[in-house]
Amino acid sequence: MCGDATNWNEDEYRERILKEREVHTRNVFRTAWAPSVNPSSDTIVVASSDGSVASYSISSCISKLPVGVGNTSGQRYLVAEPNGFLQGHEGPAYDAKFYLNGKDTLLLSCGDDGRIRGWRWEEIIRSDVPISLQGNHIDSVLDMVNPQHKGPWGAVSPVPEINAIAVDTRGGSVFSAAGDSCAYCWDVETGKIKMVFRGHSDYLHCIVARNSTDQIVTGSEDRTARLWDCRSGKCIQVIDPEKDNKSKGLSSFVGCLTLDASESWLILAVGAEPLLHRFDINGKTLSEIQCAPQSAFSVSLNPSGVVAVGGYGGLVDVISQFGSHLCTFRCRRI
């Protein structure tokens, strides 16, 4: 006999298979380091394809790795449990960012529902609600919705998704990268749009604010990154990774990007490949680093130089400033 089927439960077996499939098809679309008085922040927030926005402790993940295991084998990825959990959006949550510091800090997120939502970070970290009961336990204090476009005979388009956000606390602004190929500047106090940036030929994946020069950088499905002047709303530079011979023919879109603390160079994760490309602000390739997710959807740079990469399979890869892998974990579903 191959086995005893007396206690076989078809429903439990089906549920287990569906859960395993969900884990492996779940994606981490963005990661964000939580504000901290220490440059090497320990907490990272993850926006995922199930609409959740959850926080994880990096030191806790590293401490749980077996001694001598480099955590580079796909079979040994740690499944990490979050410290905090919000059900942020109907449909995938595409980005998470922090606005302000201290007691006034807001955790912002955006998603497929075309909304930007915000919660008080202090309420999240001080919540005593068990993880299993978290999700809608904290009310949002900010809720902004993308505009719809009017067509002939009064037709109205669906609400475009918001794929990424960036913040400018000095100007009281949040920038968004939308599915209608436009970037928007929102006023946090009024919840109204202050400026629209038009020029990409396909929808936007990512956006960062270069606040020292009053500029933003956007990345698009049209395979380019663009540098914009926030005072005029005009594009002042186009960066095309495919012009570089090393990446020519490999990239299909500019999936995510970030700026270093000096705002002098860019990190771009381009297309469906497990590589990080580091460019200077003029578009010159500086380095490439292999990362764990087979498709990288998110790159977040900590002030200490540590990079967190999120992507396919619910994976988060934490890479040191020297290019070594500190830990890789798979986000646990609540």
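Residue indices begin from 1 for each chain and proceed along its sequence in written order. Local features in a predicted model are, by the rule used here, given only for residues with pLDDT of at least 70; side-chain atom pairs are given and counted only at 80 or more, and totals for whole chains, interfaces and linings are based on all residues. Side-chain metrics in this entry use all non-hydrogen atoms of the structure; hydrogen atoms and water are not considered.

Right, let's talk about the overall build of the chain for a bit. A count of helices and strands for the chain gives 3 helices and 25 strands. Within the chain, counting contacts between residues at least 6 apart in sequence, those at least 24 apart form 48% of the total. Values of accessible area rely on a 1.4 Å probe in the Shrake-Rupley scheme; residue burial ignores everything except the protein chains shown. Of the roughly 16200 Å² of accessible surface on the chain, 49% is carried by carbon and sulfur atoms. What counts as a helix is a DSSP run of H or I of at least four residues, what counts as a strand is a run of E of at least two, and both are numbered from the N terminus. We call two residues contacting when some pair of their heavy atoms lies within 4.5 Å.

Another point: the pairing of strand 16 (residues 225–229). Regular strands place their side chains on alternate faces of the sheet. Whether a residue is buried, partly exposed or exposed follows from its accessible area with a 1.4 Å probe, protein chains only, as a fraction of its type maximum: under 20%, in between, or over 50%, in that order. A large share of strand 16 lies buried, amounting to 5 of its 5 residues. Neither face of strand 16 is exposed, since Ala225, Leu227 and Asp229 on one face and Arg226 and Trp228 on the opposite face are all buried. When DSSP finds at least two bridges between two strands, those strands are taken to pair. Examined bridge by bridge, strand 15 (residues 215–220) and strand 16 share 5 bridges and lie antiparallel to one another. Residue Ile216 lies in a different strand from strand 16, and its bridge partner there is Trp228.

So, about the side chain of Ser48. Here Ser48 shows up in strand 2 (residues 43–48). If near-sequence neighbours (up to four positions away) are discounted, Ser48 is found in contact with Arg26, Asn27, Val28, Phe29, Pro92 and Ala93.

Pairing in this open sheet of 4 strands is antiparallel, and the strands run 14-15-16-17 from one edge to the other. On the outer flanks of this sheet lie strand 14 (204–210) and strand 17 (235–239), each paired with one strand and no other. Geometrically, the sheet is characterised by an average inter-axis angle of 20° between neighbouring strands, direction not taken into account. Bridging between strand 14 and strand 15 involves 6 bridges; their strand directions are antiparallel. Note that in strand 15 the partner of Cys206 across the bridge is Gly219. Working convention: axes come from line fits to C-alpha atoms, limited for helices to the stretch in contact. Angles between N-to-C directions cover 0 to 180 degrees.

Moving on, we come to the layout of surface pockets. Here the largest pocket is characterised by a volume of approximately 1100 Å³. As defined here, a cavity is a set of points on a 1 Å grid over the protein atoms alone where a 1.4 Å probe fits but cannot get out. A pocket is an open set with protein on both sides within 12 Å along at least five of seven lines, and residues line them when an atom is within 4 Å of a point. As for the largest pocket, its lining consists of 39 residues, and the residues nearest its centre are Lys97, Val167, Leu259, Leu301 and Pro303. Within the residue set of the lining of the largest pocket, elements represented by two or more residues are strand 1 (28–33), strand 6 (93–99), strand 10 (162–168), strand 14, strand 18 (254–259) and strand 22 (296–301). We call Asp, Glu, Lys and Arg charged. Ala, Val, Leu, Ile, Met, Phe, Trp, Tyr, Cys and Pro are nonpolar, and the rest, Gly among them, are polar. Each residue belonging to the lining of the largest pocket can be placed in one class, and the counts come to 23 nonpolar, 11 polar and 5 charged. Grid points are joined across faces, edges and corners, and a volume is the space filled by probe spheres set on the points.

With that settled, the discussion passes to the pattern of salt bridges. Within this document, salt bridges are pairs made up of a side-chain nitrogen of Lys or Arg and a carboxyl oxygen of Asp or Glu, the two lying within 4 Å of each other. In the structure shown here, the tally under the stated rule is 7 salt bridges. In this structure, Arg332 and Glu81 form a salt bridge, with 2.6 Å as the shortest nitrogen-oxygen distance. Placement of Arg332 in the segment after strand 25 (325–331) and of Glu81 in the loop between strand 4 (78–80) and strand 5 (84–87) is noted, with a sequence separation of 251 residues between them. Judged by relative accessible area, which is 40%, Arg332 ranks as partly exposed. Accessibility expressed as a relative area gives 41% for Glu81, which makes it partly exposed. A salt bridge links Asp143 to Arg115, with the nearest nitrogen and oxygen atoms 2.3 Å apart. Here the residue Asp143 occupies a position in strand 9 (residues 142–145), and Arg115 occupies one in strand 8 (residues 115–120), the gap between them amounting to 28 residues.

Another aspect to go through is the environment of Gly310. Looking at the secondary structure, you find Gly310 in strand 23 (residues 307–311). Along the sequence, Gly310 and Phe297 sit 13 residues apart, while their C-alpha atoms lie 5.8 Å from each other. Setting aside anything within four residues of it in sequence, one finds Gly310 in contact with Val28, Thr31, Pro293, Ser295, Ala296, Phe297, Ser298, Leu315 and Val316.

Strand order in the open sheet made by the 4 strands is 6-7-8-9, with antiparallel pairing throughout. Each edge of the sheet is formed by a strand with only one pairing partner; in this case those strands are strand 6 and strand 9. Strand-to-strand, the axes of this sheet are offset by a mean angle of 15°, without reference to chain direction. Of the pairings in the sheet, the one linking strand 6 to strand 7 (residues 106–111) comprises 6 bridges and is antiparallel in character. Note on strand 7: the bridge partner recorded for Ala96 is Ser109.

This part takes up the confidence of the model for the chain. Chain-level statistics for the chain give a pLDDT mean of 84 and a share of 84% at 70 or above. As a per-residue measure, pLDDT reflects the predictor's confidence and takes values from 0 up to 100. Counting contacts from residues 69–74, a segment whose pLDDT is below 50, to residues more than four positions away or on other chains yields 9 contacts.

Scanning all chains against the criterion turns up 1 cavity of 30 Å³ or more. In this structure, the largest cavity spans a volume of roughly 40 Å³. Every residue lining the largest cavity is listed: Val45, Val53, Ala54, Ser55, Gly84, Phe85, Leu86, Leu107, Trp121 and Ile124. Broken down by secondary-structure element, the contributors of at least two residues to the lining of the largest cavity are strand 3 (52–57), strand 5 and helix 3 (121–125). Of the residues contributing to the lining of the largest cavity, the split by class is 8 nonpolar, 2 polar and no charged.

On the secondary structure map, Asn163 appears in strand 10. Between N or O atoms, a polar contact is any pair within 3.5 Å; within protein, one atom must be a potential hydrogen donor and the other a potential acceptor, and residues adjacent in sequence are included only when both atoms are from side chains. Within the structure, the side chain of Asn163 is placed 2.7 Å from the backbone oxygen of Leu204, a separation counted as a polar contact. Other than its neighbours up to four places away in sequence, Asn163 contacts Arg30, Tyr94, Asp95, Cys110, Ala177, Ala178, Gly179, Tyr203, Leu204 and His205.

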